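So you can see what is in the structure, the chains are spelled out below.
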Amino acid sequence: MLKIYIPNNNIAERKYVLDTVFGEFLGTDYKLIIDNGELIIDNWVIELENGNKLIIEDHFFNKFPKDLEYLKEENIPKNVEFAKNRFAPEEDIPIIYGTNKPETKNQKPKTITCGIDIFASIFFMLTRWEEYAKKNRDKHERFPAAASLAHKFNFLHRPVVNEYLEMLKNMLFELDFNQKLKTRNYKLTLTHDVDHILAWDTPKKFLMRLGGDIIKKRANFADIVKTVFDYFKVLGKRAKDPFDTFDYIMDLSDKIGVKSHFFFMGRGQTKYDNDYFSGSKKAKAVAKKIKERGHLIGIHPTYNAYNDFEQFKREKEELEKNFETEIKFGREHYLRFEIPKTWQIWEDNGMEWDSTLSYAEEDGFRCGVCYEFRVFNFLTRKHLKLKEKPLVFMDATGIEKFSPKQMQEALFKLIGQVERYNGEAVILWHNSNYNTIKWRNYKKVYEALIEYHSVKKLRA
Ligand SMILES: [Zn+2]
């Protein structure tokens, strides 16, 4: 078994990152040895069974020996350098904390010293303490992508935590590490936030939506005519409402053997909520069909629920009652999230996983990782049971700036990166974003995603 020696400070934080890296990600046991004052350990020292050593220099926690002393904006790096490193899996590697000086001493025992503090860097990305330390917020009170270190130094589109893990493995192998590590397979996870169930359940909604498309100059004359025709077809029950895409989505998911996760909303408090009621006949019928077909139901907490325990609880109970199912996972509406409070609310409501963490305005790896992981409440210093399954791609993020072709390229680029690290590609495509004037040209991007996985499945 590996032995890992750590300095006697920030124990909860160090233990969290080591448990996550070795336990959860790599799947190997280790024995933790905390410096009792006699060892004079001032780095992360990993001792292999064969006696060889990997020393990860400490460039962060030792500077802040008192509990929570690190948690300040001034301790976020001012600069991130990209260095070449022979153990890194890509051309270069961003250094969040540390310096670039890997060095092998060919003596017995063999030792590698790594100047990049990969553990403090991983802790930075996974816990998102950056978002607590910085007070930047957008009009929906969200931490903006543009304020993040990853955006500023252009590594938001790289799963940098996965890169560090790969680097760590390569260094261990160089030291003749021979324990078995967890094997991982690429996985596609399809999710659908249900902000609306029907587009045209009242004539007023029909007129409002069409009016919106005309005002925003999305609809030409032919679109308007077609939409009016379609509306009458829906009224005469000869066609489905444009948002009623549940069967279409499940048919495609079935084709590739993947379960779709549908996240429904309870009763909210703001104008951003309440387009449907979970107790309505239609909502219940949709939920029943999803269950019958073996697909999954989760929660899409309303606009104000992200930082309100009671509101979250009411909505979860409402959905469980109306849909006669247990609610264990989901994603916040508008991707509203307050770290670490929202995670704690999910934990305290007995949830298994959240999949909110991507940025609303830019796709990429907000937590730097394409694996699910158990989260850390850095204020209470507790390792929670709750898992975060970081969202990798959301339909709405690209629509304003991308043509369908560009959106498809962006999506497949991200998929490629997740495949490279055998991670989990969590995709969000709203049920309301297929058959409208705004979206119908983008539907083929979703279908290309399914087609790609259908071919992949045949090859496997
Ligand atoms: Zn939503």
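All values derive from a computational prediction rather than experimental measurement. (Residues numbered from 1 in each chain as written. Predicted model: local features only at pLDDT ≥ 70, side-chain atom pairs only at ≥ 80, totals over all residues.)

A separate point is the packing of helix α2 (residues 118–127) against helix α5 (residues 160–174). Axis separation between α2 and α5 bottoms out at 10 Å; the angle between their running directions is 155 degrees. In terms of orientation, α2 lies roughly antiparallel with respect to α5. You can see that α2 and α5 cross each other, and the crossing is left-handed. The residues of α5 that touch α2, namely those facing Ile118, Ser121, Ile122, Met125 and Leu126, are Val160, Val161, Tyr164, Met167 and Leu168. Considering only residue class, the contact of α2 with α5 consists of nine nonpolar, one polar and no charged. (Axes fitted to C-alpha atoms, helices over the stretch in contact; angles between N-to-C directions. Helix = DSSP H or I, 4+ residues; strand = E, 2+ residues; numbered from the N terminus. Parallel < 35°, antiparallel > 145°, perpendicular 65-115°, else oblique. Left-handed = near helix turned anticlockwise from the far one by under 90°. Contact = placed C-beta atoms within 7 Å. Nonpolar A, V, L, I, M, F, W, Y, C, P; charged D, E, K, R; others polar.)

What follows is about the nonpolar core. Within soluble globular proteins, side chains that are nonpolar generally end up buried alongside one another. Leu54, Ile118 and Ile122 are the most contacted members of the largest nonpolar core, which totals 88 residues. Counting contributing residues, this core receives three or more from each of domain 1 (2–174) and domain 2 (187–199 + 241–459). With near-sequence residues (within four places) excluded, Ile122 lies in contact with Val17, Val21, Val161 and Tyr164. Counting 24 residues, the second-largest nonpolar core is a separate cluster that includes Ala199, Phe243, Phe262 and Ala283. (Core = buried A, V, L, I, M, F, W, Y, C linked by C-beta atoms within 7 Å. Buried ≥ 20, exposed ≤ 12 C-beta atoms within 10 Å, placed from the backbone. Domains from an automatic or database assignment.)

As assigned here, the chain comprises domain 1 (2–174) and domain 2 (187–199 + 241–459). Here domain 1 and domain 2 have C-alpha centroids that lie 30 Å from each other. On the domain 2 side, the residues contacting the 28 residues of domain 1 number 25 residues. Sorting elements by how many residues they give to the side of domain 1 that touches domain 2 places helix α1 (residues 11–26) first, with six residues. Grouping the constituent residues of the side of domain 1 that touches domain 2 by class yields 15 nonpolar, six polar and seven charged.

Here the focus is the environment of Lys405. Mapping Lys405 onto the fold places it in helix α13 (residues 404–420). Distance from Lys405 to Arg158, taken between C-alpha atoms, is 21 Å for residues 247 residues apart in sequence.

Below, the discussion takes up unusual backbone geometry. Between Ile339 and the following residue, Pro340, the backbone shows a cis peptide bond with an omega angle of 0 degrees. Examined against the element boundaries, Pro340 turns out to sit in the loop between β12 (329–330) and α11 (341–348). Positive phi, normally seen in glycine, also occurs at Asn154, with a value near 65 degrees. Assignment of secondary structure puts Asn154 in the loop between α4 (149–152) and α5.

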